[in-house]
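Chain by chain, the residues:
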Amino acid sequence: MAIMTHSQPDHAASGGVPVDAASFSALMAPFAPFGENPRLMVAVSGGADSMALAILAARWCADRNGKLIAVTVDHGLRADAATEAQWVSQQLATYGIEHITRRWTGPKPGAAIQQEARAARYCLIDDLAGELGILHVLVAHHFNDQAETVAMRRDHNSGPLGQAGMSAQRYLRHCRVLRPLLPVTSNDLRATLQAIVGGGNTPFVADAAPDANSGSHTAPGGQDWIEDPSNHNPAFERVRMRRKLQSGGGLLPADFSAMAHQRQNMEQAIGGFLARHVFIATDGVATVTWPFVGSGDIKAGRHADNPAIGDDGFDRAAYGIGHVLRMIGGGNYAPARDSVRHVLQLFRQNSATRHSLAGCVLHRRENHILIYREAGRMDIAPQPVLPRQVTRWDNRFELCLEWPQKPGASGDMTGFAIVPLGVCDPFHKRVFRKAMAQTVPFWASRPRPALAVLPLLLWQDQPLSVAGLEIYALSDVLSAAGCPTGYLDLFRAIKVTWRFAPSAPLWEGGFKFVANP
């Protein structure tokens, strides 16, 4: 574990300006309101940026009679990770900051490790925020991170959404992620750690004067931090870009402001497209009603009454449908805009009626597109279900089983599991699907593969409930198909609550740009 102290030669003179309490308060102001006695969480790796953020946020919370909880995610990728988490906990304790460590368990991917680790980290933090009932989570991305992100996305020919960089605010399932340090440079954050004075609940940043000889800011006290070796590994694209930007040619704050304004305009147009043309049903199927799909305007490419058919509109639709795919497929990110454009071009040219992308099927019909989960991309292994607990399945549906008392003597509170409906033998009988459509009328218009990816609750391999159908309703469907139903009587007192609960909202508009106060 590489501990960098505030007095080491390479870091003692950061060349930055410390962020004091007043400056940090100004950085937090655009994210208000926080309510009385605000409760915040901060993600802390132990690096200089997150350590500075935690200490500044602790003072901010203390000044408002609030509370700060820090969380460190141990990804299990480096031998020192657990030791570093302990070190972070010890350091933050000196400021009165409660600290929690969460671990990323299970097998690790062999490729795209940084991307997968980031997704796992946000998932763990979001779950913890949900457990603790905390809405506001701070992360320490700063100006240099933003510059690297924008430069990398430009190199990858991202569109205006990607080239605007990171939004200062992002919503997860249980919380909103705030990035108050985006206007602040990494040198300023190191200078902040070097200027820290005092511990307890009210540490402060000294008004350090420049050293006459070196031009650096010096102050008594100071806070150490950890240097992650991966931050210097040229095998990672971000490290290579960081070195390139350090040699000159970086963006100015005015550039970020202009790109943010362009993205905000684009977001407004995409949000309008989604509101007008997309409907999400409770069975996790999206319907996109869109002029491109109608036979009258496919070849023309434009429609006199709908300017959204032009190239700009095509981009807006591609972005919007990309987010539909993310929502329906349960992915962490939307697919690349060009991949969506390619599929839409095929539909536009009548050269395809179905296409797979991002774990979904895009199914072209006469005047709309259906988007539903792709069966071949799902894990069909039974997922165990525990009574009175929320079970999340395929990152799309949630199930809760409740009953007022234990079932009859022959009933059993164990042996519950969820599988895709398509693995159930009765589903493949036409009479079963016909009875389903009679029970839920709009299912009559669903293609068979869209029904096959619905979640099915089993008890000891016997079907109990399909998303959208209570046990008594499934009993009627099974009876119509000539299937045994006697065992269902044991569980009629159970309350089965299904909910389509995608990991991401349909649209995460509201790109937030925070200027340096």
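Look a little higher up for the structure.
What you see as residue numbers is a count from 1 along each chain, following the sequence as written. Side-chain atom pairs in this predicted model are given and counted only at pLDDT of 80 or more, local residue features only at pLDDT of at least 70, and totals for whole chains, interfaces and linings cover all residues. Only hydrogens and water are set aside; all other atoms, that is, all heavy atoms of the structure, feed into the side-chain values.

## Considering the pattern of salt bridges
Phase 1: Should a side-chain nitrogen of Lys or Arg be within 4 Å of a carboxyl oxygen of Asp or Glu, the pair is scored as a salt bridge. Under the counting rule described, the total for this entry stands at 19 salt bridges.
Phase 2: Residues Asp-283 and Arg-446 are paired through a salt bridge, measuring 2.9 Å at the closest nitrogen-oxygen approach. In this pair, Asp-283 sits in the loop between β11 (278-280) and β12 (286-289) while Arg-446 sits in the loop between α13 (430-439) and α14 (448-452), placing the two residues 163 residues apart along the sequence. Accessibility classification places Asp-283 together with Arg-446 in one group, the buried group.
Phase 3: One network of salt bridges, in which partners are shared, links Arg-173, Arg-392, Glu-398 and Arg-499. Counting from the N terminus, the helices are DSSP H or I runs at least four residues long and the strands are E runs at least two residues long. Any residue under 20% of the maximum accessible area for its type is buried, any over 50% is exposed, and the rest in between are partly exposed; the area is computed with a 1.4 Å probe on protein chains only.

## Some points on the pairing of strand β2 (residues 39-43)
Phase 1: Counted residue by residue, β2 has four buried out of five residues, so it is predominantly covered.
Phase 2: Pairing geometry for β2 and strand β3 (residues 67-74), over five bridges, is parallel. Opposite Met-41, over in β3, you have Ile-69 as the bridge partner. Pairing between strands requires that DSSP locate at least two bridges from one strand to the other.

## Let's talk about the sheet that holds strand β16 (residues 383-385)
Phase 1: The four strands are arranged β16-β19-β20-β21 in an open sheet whose pairing can be described as antiparallel. In the strand order of this sheet, the two ends are held by β16 and β21 (462-466), each with one partner. Direction aside, neighbouring strands of the sheet carry axes that sit 35° apart on average.
Phase 2: Note that β16 and strand β19 (residues 416-420) share three bridges and pair antiparallel. Considered in β19, the bridge of Val-385 is made with Phe-416.
Phase 3: Residue contacts are defined here by distance: any two heavy atoms, one from each residue, within 4.5 Å place the two residues in contact. Only the stretch in contact is used when a helix axis is fitted, and all axes are lines through C-alpha atoms; the angle between N-to-C directions ranges over 0 to 180 degrees. Its contacts with the sheet put helix α15 (residues 471-480) on β20 (455-459) and β21, and the angle it makes with β21 is roughly 120°.

## Notes on the sheet that holds strand β6 (residues 169-171)
Strands pair in a sheet through their backbones, by hydrogen bonds, and they do so in one of two ways: parallel or antiparallel.
Phase 1: The strand order β4-β3-β2-β5-β7-β6 describes an open sheet built from six strands, whose pairing is mixed. Of all the strands in the sheet, just β4 (98-103) and β6 have a single pairing partner and so form its edges. Neighbour-to-neighbour, the strand axes of this sheet turn through a mean angle of 30°, independent of strand direction.
Phase 2: Relative to β4, β3 runs parallel, the two sharing six bridges. Paired with Ile-69 across the strands is Glu-98, a residue of β4.

## Some remarks on the nonpolar core
Phase 1: Within this scheme, the nonpolar core is defined by two criteria: the residues are buried Ala, Val, Leu, Ile, Met, Phe, Trp, Tyr or Cys, and they are joined through side-chain atoms within 4.5 Å. Counting 74 residues, the largest nonpolar core has Ile-321, Ile-371 and Phe-416 as the members making the most contacts within it.
Phase 2: Broken down by element, this core gets its largest block of residues, nine residues, from helix α11 (residues 311-329).
Phase 3: Contacts of Phe-416, omitting those with residues within four sequence positions, involve Gln-383, Pro-384, Val-385, Pro-387, Leu-401, Trp-403, Leu-457, Leu-458, Trp-459, Leu-464, Phe-491 and Ile-494.
Phase 4: If you look at the next biggest cluster of nonpolar residues, it comprises 41 residues, including Phe-34, Ala-58, Cys-61 and Tyr-95.

## A word on helix α12 (residues 337-348)
Phase 1: Multiplying one less than the number of residues by 1.5 Å gives the expected span of a helix. Along its 12 residues, α12 runs 16 Å from first to last C-alpha, staying within 8% of the 16 Å computed at 1.5 Å per residue.
Phase 2: Residues of α12 that are buried include every one of Arg-337, Val-340, Val-343, Leu-344, Leu-346, Phe-347 and Arg-348, and no others.
Phase 3: Phi turns positive one or two residues past the end of α12, at Asn-350, with a value near 60°.

## Remarks on the packing of helix α6 (residues 143-155) against helix α9 (residues 237-246)
Phase 1: Contact geometry of α6 with α9 gives a least axis separation of 9 Å together with a crossing angle of 105°. The pairing of α6 with α9 is recorded here as roughly perpendicular in orientation. In contact with Asp-145, Ala-147, Glu-148, Thr-149, Ala-151, Met-152 and Asp-155 of α6, α9 contributes Glu-237, Arg-238, Met-241, Arg-242, Lys-244 and Leu-245.
Phase 2: Each residue is assigned to one of three groups, with Ala, Val, Leu, Ile, Met, Phe, Trp, Tyr, Cys and Pro labelled nonpolar, Asp, Glu, Lys and Arg labelled charged, and all others, Gly among them, labelled polar. Class assignment for the residues of the contact of α6 with α9 results in five nonpolar, one polar and seven charged. What sets the label is the angle itself: under 35 degrees gives roughly parallel, over 145 gives roughly antiparallel, 65 to 115 gives roughly perpendicular, and the rest give oblique.

## Remarks on α6
Phase 1: Taking 1.5 Å per residue as the helical rise, α6 with its 13 residues ought to reach 18 Å, and the 19 Å between its terminal C-alpha atoms agrees with that figure.
Phase 2: Residues of α6 that are buried: Phe-143, Asp-145, Gln-146, Ala-147, Glu-148, Thr-149, Val-150, Ala-151 and Met-152.
Phase 3: Backbone geometry just after α6 places Asn-157 at a positive phi near 55°.

Any functional reading would require information beyond the geometric quantities listed.
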